[in-house]
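In case you want the letters, here they are:
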Amino acid sequence: GGWSLHLRETVDSTNAEAMRLLMGGQSLPLVVLSERQTAGRGRRGRNWLSPFAENIYYSLALRIESSARRLEGLSLVVGLATLQALRALGLWDAGLKWPNDIQVRGKKIAGILLELTGDPADVCHVVIGIGINVNMIDAGEIDQPWTSMQLELNRLVDRNELVSELNRRLFDYLSLHADQGFSVFQEEWEANHIWQGRDVGLIAGSHQVRGQVLGVDSQGGLRLCVNGEERIFSGGELSLRGF
Ligand code: ATP
Ligand code: BTN
């Protein structure tokens, strides 16, 4: 069957709402969209600013079978699909920052948060949350450089059109990923990685590794050149800082 669509005016978090619907036995895949979030979530427990009617707050809940391989690189593929949806609306100069940030000239325009339940080695469920800054033009409390589609394109952007592109790209990219894994996306992903070649610090909790970004491996791990040697890093709690 198709994807069922659940529209809300206000929710705490579309990821939380999607998780409740899936726990309640709703048919999958399902999509939750809300006009606002009162407790939008970012990575590592951070807050995602979610004002009314300006942006897209989108969550897709899926069942994933024999999961381990099918989770490899999943969040990177979601980043790529989201990037292509932004391009379809005319935003050409956005790019990716490993693992799944979307930026325009160093400013964050979209964020992705995957949440899993079940056994990652067996059958599990994943909620793919995507927040896109669409028509937001001011926001008091964001503690890092950010932008929106309207700020970049100097026009109001039709959120319905963007959601329909997002659905289409996610469907295509996720189907291919489920069949073939991440390796078929490696090249396209690197071609859109604006942090390629940069000197970075990779932060993992209180540790930091310095190196130069080489790209991603066939499973979506980050390839860094550290003291002349290639090393691979993967895992959800890592983040890059520039030097
Ligand atoms: P990383 O840790 O990988 O460098 P990050 O610094 O972008 O990522 P995330 O946890 O991925 O941090 O994203 C949350 C951050 O995004 C928040 O701390 C805030 O700075 C910023 N943020 C919150 N709401 C928005 C929004 N609507 N648009 C853009 N940025 C936002
Ligand atoms: C990030 O920290 O970069 C990820 C932000 C993800 C925000 C989206 S908005 C829709 C979905 N619901 C949430 O509560 N978070 C994600």
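Given the structure is predicted, the values throughout are model-derived calculations rather than measurements.

A. Geometry of the overall build of the protein chain. What the protein chain contains, in helices and strands, is 6 helices and 12 strands. Taking 18 Å as the expected radius of gyration for a compact globule of 243 residues, we find that the protein chain reaches 17 Å, a close match to that expectation. Viewed in the frame of its principal axes, the protein chain has a C-alpha envelope of about 50 × 45 × 35 Å. A burial count over the protein chain gives 37% of its 243 residues as buried.

B. Inspection of the domain arrangement of the protein chain at higher detail. Assigned domains of the protein chain: these are domain 1 (4-191) and domain 2 (199-242). On a C-alpha basis, the centres of domain 1 and domain 2 stand 23 Å from each other. At the junction of the two partners, domain 1 supplies 11 residues and domain 2 supplies 8 residues. For the side of domain 1 that touches domain 2, the leading source of residues is helix α6 (residues 186-191), giving 3 residues. Residues belonging to the side of domain 1 that touches domain 2 are distributed by class as follows: 4 nonpolar, 3 polar and 4 charged.

C. Layout of the confidence of the model for the protein chain. Of the residues in the protein chain, 100% have a pLDDT of 70 or more, and the chain-wide mean is 95. Interface confidence for the predicted complex, expressed as ipTM, amounts to 0.94; the pTM equals 0.96.

D. Highlighting the nonpolar core. Membership of the largest hydrophobic core comes to 53 residues, with the highest contact counts inside it found for Ala61, Val77, Leu80, Ala81, Ala94, Ile130 and Ile132. It is helix α3 (residues 74-88) that provides the largest number of residues to this core, a total of 9 residues. Split by domain, the residues of this core number at least three in each of domain 1 (4-191) and domain 2 (199-242). With near-sequence residues (within four places) excluded, Ala94 lies in contact with Leu83, Leu86, Ile102, Gln103, Val104 and Ile109.

E. Fine view of the site of ligand 2. In the region of ligand 2, 19 residues are neighbours, and Ser13, Gly42, Gly111, Gly129 and Gly131 sit closest. Among the elements of the structure, α1 (14-23), β3 (56-64), β6 (107-118) and β7 (124-132) are those that each provide at least two residues to the shell around ligand 2. Considered class by class, the residues forming the shell around ligand 2 number 6 nonpolar, 10 polar and 3 charged.

F. Region of the structure containing the UniProt feature "binding site: biotin" (unreviewed entry) in the protein chain. Taking the UniProt record as the reference, the feature "binding site: biotin" (unreviewed entry) is found at Ser13, Thr14, Asn15, Gln37, Arg41, Gly42, Arg43 and Lys108. Examined against the element boundaries, Ser13 turns out to sit in the loop between β1 (4-11) and α1. Apart from the residues lying within four places of it in its own chain, the contact partners of Ser13 are Gln37, Ala39, Gly40 and Arg41. Mapped onto the fold, Gly42 is located in the loop between β2 (30-37) and β3.

G. Representation of α1 within the structure. Every buried residue of α1 is accounted for by Thr14, Asn15, Glu17, Ala18, Leu21 and Leu22. Looking straight down α1, one finds its buried side chains confined to an arc of 160°; they lie on one side. Where α1 is buried, its residues meet β1, β2, β3, β6 and β7. Immediately beyond the C-terminal end of α1, within one or two residues, lies Gly25, with a positive phi of roughly 90°.

H. Quick peek at the environment of Leu170. You can see Leu170 is positioned in helix α5 (residues 159-180). Owing to 25 C-beta atoms within 10 Å, Leu170 belongs among the buried residues under this scheme. Separated by 63 residues in the primary sequence, Leu170 and Lys107 place their C-alpha atoms 23 Å from one another. Residue contacts for Leu170: discarding those within four places in its chain leaves Leu60 and Ala81.

I. Up close: the environment of Ala53. Looking at the secondary structure, you find Ala53 in the loop between β2 and β3. Residues Ala53 and Arg159, spaced 106 residues apart in sequence, show a C-alpha to C-alpha distance of 9.2 Å.

J. A look at the sheet that holds strand β12 (residues 238-242). Taking strand neighbours across the sheet as the criterion, the 5 strands line up as β11-β10-β9-β8-β12 in an open arrangement whose pairing is antiparallel. Only two strands of the sheet have a single neighbouring strand rather than two, namely β11 (229-233) and β12. On average, adjacent strands in this sheet sit at an angle of 45° to one another, irrespective of strand direction.

The rules we used
Residues numbered from 1 in each chain as written. Chains lettered and ligands numbered in written order. Predicted model: local features only at pLDDT ≥ 70, side-chain atom pairs only at ≥ 80, totals over all residues. Helix = DSSP H or I, 4+ residues; strand = E, 2+ residues; numbered from the N terminus. Rg over C-alpha atoms; globule rule 2.2 N^0.38 Å. Buried ≥ 20, exposed ≤ 12 C-beta atoms within 10 Å, placed from the backbone. Domains from an automatic or database assignment. Contact = placed C-beta atoms within 7 Å. Nonpolar A, V, L, I, M, F, W, Y, C, P; charged D, E, K, R; others polar. pLDDT = per-residue confidence, 0-100. Core = buried A, V, L, I, M, F, W, Y, C linked by C-beta atoms within 7 Å. Near = placed C-beta within 6 Å. UniProt positions renumbered as here; feature names shortened; annotations may be inferred. Arc of directions from axis to C-beta. Pairing = 2+ DSSP bridges. Axes fitted to C-alpha atoms, helices over the stretch in contact; angles between N-to-C directions.

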